[in-house]
Amino acid sequence: MSFLPKSKILSRKSMSKLCRNVYSNIQRKFFSAKTTDDSTIDNFEEALSLRSTWEKFHKEKCYFEWLVDPLSIHGYLMQHILSYAKCSSAVNILEIGCGTSSLSLNLFRSIQDYPVKIIAIDYAKSAVENMSEQYKIDTTGGHESSKFEILEADAGNLPFRDNSIDLVIDKGTVDSVLKDRRNGTKMARDISIETLRVLKCGGHFCQITDEDPELRIGLWDSFKLYSSYKWQINYKVLSENLYAENFMYSICKLK
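Residues numbered from 1 in each chain as written. Predicted model: local features only at pLDDT ≥ 70, side-chain atom pairs only at ≥ 80, totals over all residues. Heavy atoms only, no water.

## Overview of the overall build of the protein
Helix and strand counts for the protein stand at eleven helices and seven strands. Out of the 255 residues belonging to the protein, those deemed buried represent 50%. Here the contacts in the protein between residues at least 6 apart in sequence split such that 78% fall between residues at least 24 apart. Accessible surface, the protein as shown: approximately 12400 Å² in total, 50% of it carbon and sulfur. (Helix = DSSP H or I, 4+ residues; strand = E, 2+ residues; numbered from the N terminus. Buried < 20%, exposed > 50% of the residue type's maximum accessible area, 1.4 Å probe, protein only. Contact = heavy atoms within 4.5 Å. Areas by Shrake-Rupley, 256 points an atom, 1.4 Å probe, with all protein chains shown as cover.)

## With respect to the packing of helix α6 (residues 70-85) against helix α7 (residues 103-110)
Where α6 contacts α7, the axes come no closer than 11 Å and their chain directions differ by 55°. In terms of orientation, α6 lies oblique with respect to α7. Crossing hand, α6 versus α7: right-handed. For the pair α6 and α7, contact is made by Pro70, Leu71, Ile73, His74, Leu77, Met78 and Ile81 and by Leu103, Asn106, Leu107 and Ser110, respectively. Split into classes, the residues belonging to the contact of α6 with α7 amount to eight nonpolar, three polar and no charged. (Axes fitted to C-alpha atoms, helices over the stretch in contact; angles between N-to-C directions. Parallel < 35°, antiparallel > 145°, perpendicular 65-115°, else oblique. Left-handed = near helix turned anticlockwise from the far one by under 90°. Nonpolar A, V, L, I, M, F, W, Y, C, P; charged D, E, K, R; others polar.)

## Observations concerning the pattern of salt bridges
Pairing between side chains of opposite charge can happen when their charged atoms approach one another. All chains considered together, the criterion is met by eight salt bridges. Residues Arg197 and Glu194 are paired through a salt bridge, measuring 2.7 Å at the closest nitrogen-oxygen approach. Of the two residues, Arg197 and Glu194 are both situated in helix α10 (residues 184-198); the distance of three residues between them amounts to about one turn of the helix. What you see here is one network of salt bridges that share partners, running through Asp162, Glu194 and Arg197. (Salt bridge = Lys/Arg side-chain N within 4 Å of Asp/Glu carboxyl O.)

## Overview of the packing of aromatic side chains
To describe a pair of aromatic rings, you give the distance between the ring centres and the angle between the ring planes. Counting across every chain of the model gives seven aromatic pairs. Relative to Phe148, the ring of Phe108 lies with its centre 5.5 Å away and its plane at 50°, an arrangement referred to as tilted. Taken together, the residues Phe108 in helix α7 and Phe148 in strand β3 (residues 147-152) connect sequence positions 40 residues apart. Just as Phe108 is buried, Phe148 falls in that class too. With 5.4 Å between their ring centres and 65° between their planes, Trp220 and Phe223 make a pair best called edge-to-face. Taken together, the residues span about one helical turn, with Trp220 and Phe223 both in helix α11 (residues 213-223) at a distance of three residues. Summarising the burial analysis for this pair, Trp220 and Phe223 share the class buried. (Phe/Tyr/Trp six-rings, centres within 6.5 Å; stacked < 30°, edge-to-face > 60°.)

## A look at the environment of Leu199
Residue placement: Leu199 occurs in strand β5 (residues 199-209). The class for Leu199 is buried, based on a relative accessible area of 0%. Leave out the neighbours within four places in its chain, and Leu199 touches Asn163, Ser164, Ile165, Asp166, Leu167, Val168, His204, Phe205 and Lys253.

## Digging into α7
When you tally the buried positions in α7, you get six out of eight residues, the bulk of the element. Of the positions making up α7, those classed as buried are Leu103, Ser104, Leu105, Leu107, Phe108 and Arg109.

## Overview of the confidence of the model for the protein
Of all residues in the protein, 77% attain a pLDDT of 70 or more, and the chain-wide mean is 80. Confidence over residues 1-22 falls short of pLDDT 50; this stretch has 39 contacts with residues more than four positions distant or in other chains. In this model residues 31-41 is a low-confidence stretch, pLDDT under 50, and it forms 15 contacts with partners more than four residues away in sequence or in other chains. (pLDDT = per-residue confidence, 0-100.)

## Considering the environment of Gly202
Relative to the helices and strands, Gly202 resides in strand β5. Given the relative accessible area of 27%, Gly202 is considered partly exposed. Note: C-alpha distance between Gly202 and Trp231 (29 residues apart in sequence) is 9.2 Å. Excluding residues within four positions of it along the chain, Gly202 makes contact with Tyr84, Cys252 and Lys253.

Spelled out as structure tokens, the structure:
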């Protein structure tokens with residue numbers, strides 16, 4: 001059951017019209033239909049919430065950046081990372097639903113002044129295999145004591161200790177599970193509460209999404225019924241164009 005008003009659920013579904021260009025390349029790989037009417041788009045969007053879709057996608061060794069170029073958000077993420085580096089021997093960073101994005105590897109290779117431990121996870125085995133191949137190709141750069149790991153894991157059931165991560169990054173993962181009309185809100189809630197569990201107090205969960213503040217902040221407000229954690233949300237507009245408006249939400253776990 002969704003705790004968002006019906007009008008907001010319809011608004012979330014209407015994002016398909018804004019994102020036709022973003023989705024078209026993936027759609028052709030999984031759907032034989034040549035039309036892009038609303039029913040075709042709706043079926044395709046719901047498929048984005050399925051593990052089988054991403055297993056098939058990454059088995060074809062498809063490399064895809066969801067929503068934004070990682071370099072465009074590098075500076076924002078570094079602001080958080082620098083603040084943690086001042087009070088930690090090594091900054092622990094987790095990317096959930098990494099797919100084959102270059103985001104985590106770019107961070108790992110660019111941070112040279114202090115050690116970081118970056119873990120990139122995905123529940124699609126084929127995505128993890130592709131990411132591992134990319135890491136083996138080029139391991140240059142970064143601090144000599146930094147570590148990079150790629151794991152097959154579910155963002156809704158994280159294999160990490162409580163209060164162990166400084167920064168969690170999500171670029172489109174929660175967006176994907178929200179495409180499930182029946183269970184999307186619950187899956188998004190499970191991922192979010194799991195993320196709060198592993199975050200240190202004062203740590204941040206950075207979500208990159210095309211979902212506007214009314215919807216995303218409303219979604220987080222609905223989670224309060226299910227969690228004893230406290231948090232504070234801020235957001236930045238990353239880009240705005242004819243097809244989509246992208247945001248970065250920074251959810252800080254409070255003490």
